[in-house]
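What follows is the residue order along each chain.
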Amino acid sequence: MITNAAEYEKAETELRDLEHRLDILQRDHAMGEKGFTKAGIRKLIARLHEELAVFEGSAEANLPSST
């Protein structure tokens, strides 16, 4: 779980790296090849998206109201 801005930045970097890795696998290997690897990377990407969203939601909830 992401609890601070430093972890958030680290997760964003990891997300970009995983997306790049997935792009390379999709480009270099035909459909059906390396399927488990691609699926595993997609799962990691989805998990990171969820964690980033939770942190963003909690950060917005902690902002002072502008009314």
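Bear in mind that the values here come from a model prediction, so they are computed numbers and not experimental data.

1. Topic: the overall build of the chain
- Summing up its helical and strand segments, the chain has two helices and zero strands in all.
- Here the chain has a C-alpha radius of gyration of 16 Å; the compact-globule value for 67 residues is 11 Å, and the former is much larger.
- Seen through its C-alpha atoms, the chain measures out along the principal axes to roughly 55 × 20 × 15 Å.
- Counting every position in the chain, which comprises 67 residues, the buried fraction comes to 19%.
- Taking the contacts inside the chain whose residues are at least 6 apart along the sequence as the reference set, 60% of them involve residues at least 24 apart.
- Carbon and sulfur atoms make up 57% of the accessible area of the chain, which amounts to about 5,200 Å² in all.
- Within the chain, the 13 negative side-chain charges are centred at a point lying 9 Å from the centre of the 9 positive side-chain charges.

2. Topic: the pattern of salt bridges
- If you walk through the whole model with that rule in mind, you get three salt bridges.
- Of the charged contacts in the structure, one is a salt bridge between Glu14 and Arg47, with a shortest N-O distance of 3.9 Å. With Glu14 in helix α1 (residues 5–28) and Arg47 in helix α2 (residues 35–61), this pair connects stretches of sequence that are 33 residues apart.
- Here Arg47 makes a salt bridge to Glu51, at a shortest N to O gap of 2.9 Å.

3. Here we look at the packing of aromatic side chains
- Counting across every chain of the model gives one aromatic pair.
- Between Tyr8 and Phe55, the aromatic rings sit 5.3 Å apart at their centres with planes inclined by 35°, giving tilted as the arrangement. Taken together, the residues Tyr8 in helix α1 and Phe55 in helix α2 connect sequence positions 47 residues apart. With respect to burial, Tyr8 and Phe55 carry one shared label: buried.

What counts, and at which threshold
Residues numbered from 1 in each chain as written. Predicted model: local features only at pLDDT ≥ 70, side-chain atom pairs only at ≥ 80, totals over all residues. Heavy atoms only, no water. Helix = DSSP H or I, 4+ residues; strand = E, 2+ residues; numbered from the N terminus. Rg over C-alpha atoms; globule rule 2.2 N^0.38 Å. Buried < 20%, exposed > 50% of the residue type's maximum accessible area, 1.4 Å probe, protein only. Contact = heavy atoms within 4.5 Å. Areas by Shrake-Rupley, 256 points an atom, 1.4 Å probe, with all protein chains shown as cover. Lys, Arg positive; Asp, Glu negative; His and termini not counted. Charge placed at Lys NZ, Arg CZ, Asp CG, Glu CD. Salt bridge = Lys/Arg side-chain N within 4 Å of Asp/Glu carboxyl O. Phe/Tyr/Trp six-rings, centres within 6.5 Å; stacked < 30°, edge-to-face > 60°.

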